[in-house]
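Examining the three-dimensional arrangement
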Number of protein chains: 2
Amino acid sequence: MPLMVDLDRLRADIEALAMIGTISGRPGINRPSFSAEDMAGRRWFMARCAEAGLSPSMDVVGNVIARWEVGSGPPIMAGSHLDTVPDGGVYDGPLGTCAALEAVRVMQAAGITPARPIEVVATADEEGRFGGMLGSQALTGQVDPAWLERATDAEGVRLWDAMRAQGLAPERFPEVARPPGSVEAFLELHIEQGPVLEQAGLEIGVATGVSGCFNWTVTLTGVANHSGTTPMHLRHDAFAGLAAFAGRVPAIIEDVGGEQTRLTIGKVDLAPNFPHTIPGRATFSIIGRDTSEAVMRAVAEACRRELDQACRAHGLDLELREESWLAPVSLDAAIARTLEAESQKLGYRTTTMPSGAGHDAQTMQHLAPSGLIFVPSVGGISHAPEEHTPWPDVERGANLLLHGIMALATR
Amino acid sequence: MPLMVDLDRLRADIEALAMIGTISGRPGINRPSFSAEDMAGRRWFMARCAEAGLSPSMDVVGNVIARWEVGSGPPIMAGSHLDTVPDGGVYDGPLGTCAALEAVRVMQAAGITPARPIEVVATADEEGRFGGMLGSQALTGQVDPAWLERATDAEGVRLWDAMRAQGLAPERFPEVARPPGSVEAFLELHIEQGPVLEQAGLEIGVATGVSGCFNWTVTLTGVANHSGTTPMHLRHDAFAGLAAFAGRVPAIIEDVGGEQTRLTIGKVDLAPNFPHTIPGRATFSIIGRDTSEAVMRAVAEACRRELDQACRAHGLDLELREESWLAPVSLDAAIARTLEAESQKLGYRTTTMPSGAGHDAQTMQHLAPSGLIFVPSVGGISHAPEEHTPWPDVERGANLLLHGIMALATR
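Cut-offs and rules
- Note on numbering: residues in each chain are counted from 1, in written sequence order.
- Throughout, the order in which chains and ligands are written sets their labels, letters from A for the former and numbers from 1 for the latter.
- Note on the predicted model: pLDDT of at least 70 is required for a residue's local features to be given, and 80 or more for side-chain atom pairs to be given and counted; whole-chain, interface and lining totals, by contrast, use all residues.
- Hydrogens and water are ignored here; the side-chain numbers use all heavy atoms of the structure.
- Where each domain begins and ends follows an automated or database-derived domain assignment.
- Throughout, a contact is declared for two residues whenever any of their heavy atoms are within 4.5 Å.
- Throughout, the accessible surface (probe 1.4 Å) given up by two parts as they are put together, summed over both, is called the buried area.
- Any pair of nitrogen or oxygen atoms within 3.5 Å is treated as a polar contact; in protein, a donor-acceptor pairing is required on top of that, and neighbouring residues in sequence qualify only through side-chain atoms on both sides.
- Each residue gets one label: Ala, Val, Leu, Ile, Met, Phe, Trp, Tyr, Cys and Pro are nonpolar, Asp, Glu, Lys and Arg are charged, and the others, such as Gly, are polar.
- A least-squares fit on C-alpha atoms brings the copies together, and the residues used are those whose pLDDT is at least 70 in both copies.
- Per the convention used, a helix needs a DSSP run of H or I reaching at least four residues, while a strand needs a run of E reaching at least two, with both numbered from the N terminus.
- Take the residue count of a helix, subtract one, and multiply by 1.5 Å to get its expected span.
- Summary of the burial criterion: residues with accessible area below 20% of their type's maximum are buried, those above 50% are exposed, and those between are partly exposed, where the area comes from a 1.4 Å probe applied to protein chains only.
- By arc we mean the arc of the directions from the helix axis to the C-beta atoms, nothing more.
- Only the six-membered ring of Trp is used, alongside the rings of Phe and Tyr, when aromatic pairs are assigned; centres must lie within 6.5 Å, and planes under 30 degrees apart are stacked while those over 60 apart are edge-to-face, with the rest tilted.
- Each reported salt bridge corresponds to a side-chain nitrogen of Lys or Arg within 4 Å of a carboxyl oxygen of Asp or Glu.

So, about the domain arrangement of chain A. All names here are of chain A. If you check the domain split of chain A, you get domain 1 (7–211 + 330–409) and domain 2 (212–326). Computed over C-alpha atoms only, the centres of domain 1 and domain 2 are separated by 36 Å. Contact with domain 1, which involves four residues of that partner, is made by six residues of domain 2. When domain 1 packs against domain 2, the two sides together hide about 390 Å² of surface, and 54% of this comes from carbon and sulfur. A per-residue breakdown of the area domain 1 buries against domain 2 is headed by S211, P354 and G356, which together make up 90% of the total. Joining domain 1 to domain 2, the criterion identifies one residue pair in polar contact (both at pLDDT 80 or more). Residue classes in the side of domain 1 that touches domain 2 are distributed as two nonpolar, two polar and no charged.

Here it is, written out as structure tokens:
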């Protein structure tokens, strides 16, 4: 019988964290990074680590690290984040953080002595409130000082000010960086935040990498005119141009994309946005993702061609701004194989898959071989109060994290 | 040499009215119906009528009527409205109102004695601030008392309160109604508000009717989800459904519509309207118009079919609310023939055409045979500060109104 986590204890931790950041009258969890609630969540987690006999500390950018001083050599790090999006769910972050602590508790109770130190980590600022992933970027030496200086949230609050208000020291971020070779491996357990595992009836997904992502803001400009007096063939209808482009999305994916390509038009703003007026301007987002940067480039190129074509057909001007271009990240293949093998030994219905969302593991991969375990999200829903993962799935994910840590710590 | 209007005098009137409702720092004209500026415009117009020797009066709903007591029998009415949309243009309304007064001045100066009385009319509340055309509806006995009671503008101001504040008496609207047979004919000169005349190099359009119009609010509901983690084939993307429908608009018109069909998606609101989230809800307007109600019905039916199809294809729920269904109105064919003949006698490049926009003439047609003359709108632009009609076109339109009145008044 393999070693197993104590689901009741893990569940109690996850449910306790869900009480921190609950606002009366709002269904979601609110621990935006560097808020008082976020810090309260971290302090609660430090206390839980101390109860387990670890010596937790918070670094100058807010990462909580609780080290089990055992064995020798570079440590295995395991964990996830504790901050949430506004009105977020219960599992996104706390699952992986609490499961890492639970893995240590189980090993300790079972009298297992790993060959390497284990560090339980609760990273800071993963959810992108300020546009980055400061906690894991600081750990891996990937902070851009210029960004740190100017970063603000959607309300204009400066990252710098938010951190100072919590007693943190953003200017000291270089102290946090771990030298290359100083970490043996990083493991993260996370909810999938998508419907793939649930739809396929699978229990565990081992991530092979994280999709790259381009983010465009496109403006099509035509002529706003009276909807009754302007014949169809004399229109320069910005929305008709957008619809023509949007109608080509399946063809773009079929022609130059692949199974992992995602193209999303999530935000659309028309002007004047009045029923009786032909739209003179359409501003919209295009988010393109793929696990291959070559495919991303081909999809982006095809989008440009189709936008040009829609503009020619509808007599529109095109303005395209690339907000960001993030290359795909491959996670460590050997660790993925280890996790897959451990999952199969535990009897879980397992697949490998790319991650469509960003995670700390992709940042940590720059420092150390990293692995990422997914458990199913009901309905694929995340970043919302309805986010849910059944407890048996939580248990399977935590068991795999435990056995992954043990496999790596005894290598 | 046919009788001609005095363009300088007409232009001075139109330009004087454009000074009333000008707000510092805003380029457009603002005389929304029953505002102080609207009433000031009407009082200025009454004074100009009085200077011409007419006896103007304002009725209880705000219509200004200046009667030239001459000849016998039912009068010829001629005019247009004086209220404007917010930030509207110079010509929409004042052109036809001032040209009717100018026609009377020219006839008087030329010593012409019409066989019938002439009434110059400046109707109230044509632009639909409160959702109707109260002035001409009251004159023609088409006011719905329930609507009058509850009508509000976009800011929630009650029509009733706005009228009372100006000393008008909405409850006395029945006094304004003219009995059937008491008006010989109604003539209106208006800018086209569309690009058809300009594009065709024509000078005068004689309207044969006014298109009918249906106004739908459609809501497609899918599932908002993470744009990175949700594969394309597992999405319920409300915007993709809208785009699929919008892409079918040309086919709908080709299949069941005609040359006069207009289908416009002018207003689109997505939720949550966030770049990284698949749209869970798309709410949008469909405005459909045609000169044939049978075609309108076929187009509406085809829209429903295509919406159903888009919802099936994208796994969406459909909610469709019909805000209004206005049947097309045919204007008087004999008057249109008279206007066309007079225009050709004056040497103007003339066409007949339907009107895509609503006008007082369509309401007046319920009471008396009515005619509607169009002059070109530069770029088809209207309801905007850029609305423009060159003075030679204004002159031609006013000359045709003059000769139309003379032709009808001597019948």
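For the rest of this paragraph, the subject is the relation of the copies chain B and chain A. Note on the copies: chain B fits chain A at an RMSD of 0.2 Å, the axial shift is 0.1 Å, and the rotation between them is 180°. Read as a symmetry element, the transformation amounts to a two-fold axis. Identified as the residue of chain B closest to the rotation axis by C-alpha distance is A243 of chain B, at 2.3 Å.

Moving on to helix α1 (residues 7–18) of chain A. Residue and element names in this part refer to chain A. Taking 1.5 Å per residue as the helical rise, α1 with its 12 residues ought to reach 16 Å, and the 16 Å between its terminal C-alpha atoms agrees with that figure. Among the residues of α1, L7, L10, D13, I14, L17 and A18 are the ones counted as buried. Taken around the axis of α1, the buried residues stretch over an arc of 140°, which confines them to a single face. Contact partners of the buried residues in α1: α2 (36–51), α3 (94–109) and α13 (391–409).

Residues and elements named next belong to chain A. Using the criterion set out here, one finds 10 aromatic pairs over all chains in the structure. Taking 6.4 Å as the distance between ring centres and 35° as the angle between the ring planes, the aromatic pair formed by F34 and F130 counts as tilted. Linking F34 in the loop between α1 and α2 with F130 in the loop between β4 (118–123) and α4 (134–139), this pair joins segments that are 96 residues apart in sequence. For F34, a relative accessible area of 3% translates into the label buried.

Moving on: the pattern of salt bridges. All names here are of chain A. The full count for this structure, using the stated rule, is 50 salt bridges over all chains. Close ionic contact of D13 with R105 constitutes a salt bridge, the shortest N to O distance being 2.7 Å. Of this pair, D13 sits in helix α1 while R105 is found in helix α3, placing the two residues 92 residues apart along the sequence. Comparing D13 with R105, the two get one shared label, buried. Taking the shortest distance from any N to any O, the salt bridge between E203 and R396 comes out at 3.7 Å. With E203 in the loop between α7 (196–200) and β6 (204–210) and R396 in helix α13, this pair connects stretches of sequence that are 193 residues apart.

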